[in-house]
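# A structural walkthrough
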Amino acid sequence: AQSVWGYDSDNGPERWHENYPLAKGDKQSPIEINSKDVQHDSSLAPWHASYDPGAAKTILNNGRTCRVVFDDTFDRSVLRGGPLTGTYRLRQLHLHWGSSDDHGSEHVIDGVKYAAELHMVHWNPKHGNFAGALKQPDGVAVVGIFLKVGKTPKPEMKRILEEIDNIKTKGKEAPFQHFDPSILFPKSRDYWTYHGSFTTPPCEECITWILLREPIEVSSDQMAKLRSLSKNGENEPVNPLVDNWRPPQPVKGRVVKASFK
Ligand SMILES: NS(=O)(=O)c1c(F)c(F)c(-n2cc(CC3CCCCC3)nn2)c(F)c1F
Ligand SMILES: [Zn+2]
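Residues numbered from 1 in each chain as written. Chains lettered and ligands numbered in written order. Predicted model: local features only at pLDDT ≥ 70, side-chain atom pairs only at ≥ 80, totals over all residues. Heavy atoms only, no water.

## Re the packing of aromatic side chains
Put simply, the rule is: In summary, the pairing rule links any two rings of Phe, Tyr or Trp, Trp by its six-membered ring, whose centres are within 6.5 Å, and it sorts them by plane angle into stacked for under 30 degrees, edge-to-face for over 60 and tilted for everything else. Helical segments are the DSSP runs of H or I of at least four residues, strand segments are the runs of E of at least two, and each set is numbered from the N terminus. Here the term buried applies to any residue with accessible area under 20% of the maximum for its type, exposed to any over 50%, and partly exposed to those in between, with areas from a 1.4 Å probe on protein chains only.
In the structure shown here, the tally under the stated rule is 9 aromatic pairs. With centroids separated by 5.3 Å and ring planes inclined at 80°, the aromatic side chains of tryptophan 5 and tryptophan 16 adopt a geometry described as edge-to-face. Of this pair, tryptophan 5 sits in the segment before strand E1 (32-33) while tryptophan 16 sits in the segment before E1, placing them 11 residues apart in sequence. Across this residue pair, the class does not change: tryptophan 5 and tryptophan 16 are buried. Ring centres of phenylalanine 130 and phenylalanine 198 lie 6.5 Å apart, and the angle between their planes is 20°; on these two criteria the pair is classed as stacked.

Printed below as a string of structure tokens:
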């Protein structure tokens, strides 16, 4: 069977375009952000998230990432403001990380690769459903938070990492309730924003990216915990789930705006 897309040499980012032609588009993500090219936009409003902890449902290992899924059947957990028009519903959050602490993020900031990058995926209900939103340039909004290895790890990440032991292998899912992801936000609300795409196939160019400038801290042990996830199913040879990040893509003339000076 066709090797399904992934992050290995035979099905990785350099080959995604063979089955997902959008991967070679002009508005792909992630990108490198260089502060010298960023434009401060004083008209950018602050963004606001109002999440219902009761909307959290499950946490799963889909063989490519660890994903927390939320009830998005009504405006229950929403994101608004910032560069966005209208309200966007939180659908899922997931992470991308490396095989060691010195890399793993998808976006690269002034040459800095963080150990991991957390994505909170929201979609615009004016487009009916998620599949419809993917086809619209204003369909999806993703808040990206960088994870940096440091001495004072954020206790809020503990909750996600405690569940890892229950979803070690591909296809494993566990209940994950009473969780408000806004506890993961750093102190500062400063952000960069630009128009881009899914960083995974089908690479649809439907995303307004909102990347938070201030990273949150995790411990090296917490990163090791994340790296203990496996790509393989329960009774298959162990294949560590690490380096599930896409490298930066061509900026192609896009301007990254900053909410801060
Ligand atoms: N890294 S990212 O850009 O933040 C990011 C996202 F924003 C996503 F929405 C997804 N995504 C993928 C699907 C399956 C759908 C299955 C049917 C076809 C469309 C995708 N659900 N959400 C995703 F995998 C991802 F990596
Ligand atoms: Zn992602």
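## Some points on the coordination of the zinc ion (ligand 2)
Angles at a metal have ideal values that depend on geometry: 109.5 degrees with four tetrahedral donors, 90 or 180 degrees with six octahedral donors. Here is the rule: Coordination partners: N, O, S within 2.8 Å of the metal, 3.2 Å for Na, K and Ca; water not considered, so apparent gaps in a site are possible. Under the classification used here, a metal with four donors is tetrahedral if each angle lies between 85 and 135 degrees, square planar if opposite donors are over 155 degrees apart and the others between 65 and 115, a six-donor metal meeting that same test is octahedral, and anything else is irregular.
The protein atoms that coordinate the zinc ion (ligand 2) are His94 (NE2), His96 (NE2) and His119 (ND1), at distances spanning 2.0 Å. Taken together, the 4 donor atoms coordinating the zinc ion (ligand 2) span angles of 101 to 115° at the metal, a pattern that classifies the geometry as tetrahedral. Along the chain, the residues that donate to the zinc ion (ligand 2) are spaced as H-x1-H-x22-H. Its relative accessible area of 10% is what places histidine 94 among the buried residues.

## Some remarks on unusual backbone geometry
Of note, the amide linkage connecting serine 29 to proline 30 takes the cis form, showing an omega dihedral of 0°. Structurally, the position occupied by proline 30 is in the segment before E1. Cis geometry is adopted by the peptide bond preceding proline 202, which originates at proline 201 and carries an omega value of 10°. Inspection of the secondary structure assignment puts proline 202 in the loop between strand E12 (191-196) and strand E13 (207-212). Its identity as a non-glycine residue notwithstanding, histidine 178 has a phi of 55°, on the positive side. Structurally, the position occupied by histidine 178 is in the loop between strand E11 (173-175) and E12. Of note, cysteine 203 is a non-glycine position whose phi angle comes to about 60°, a positive value. Among the secondary structure elements, cysteine 203 is positioned in the loop between E12 and E13.

Fair warning: the whole summary comes from geometry, so function is off the table for now.
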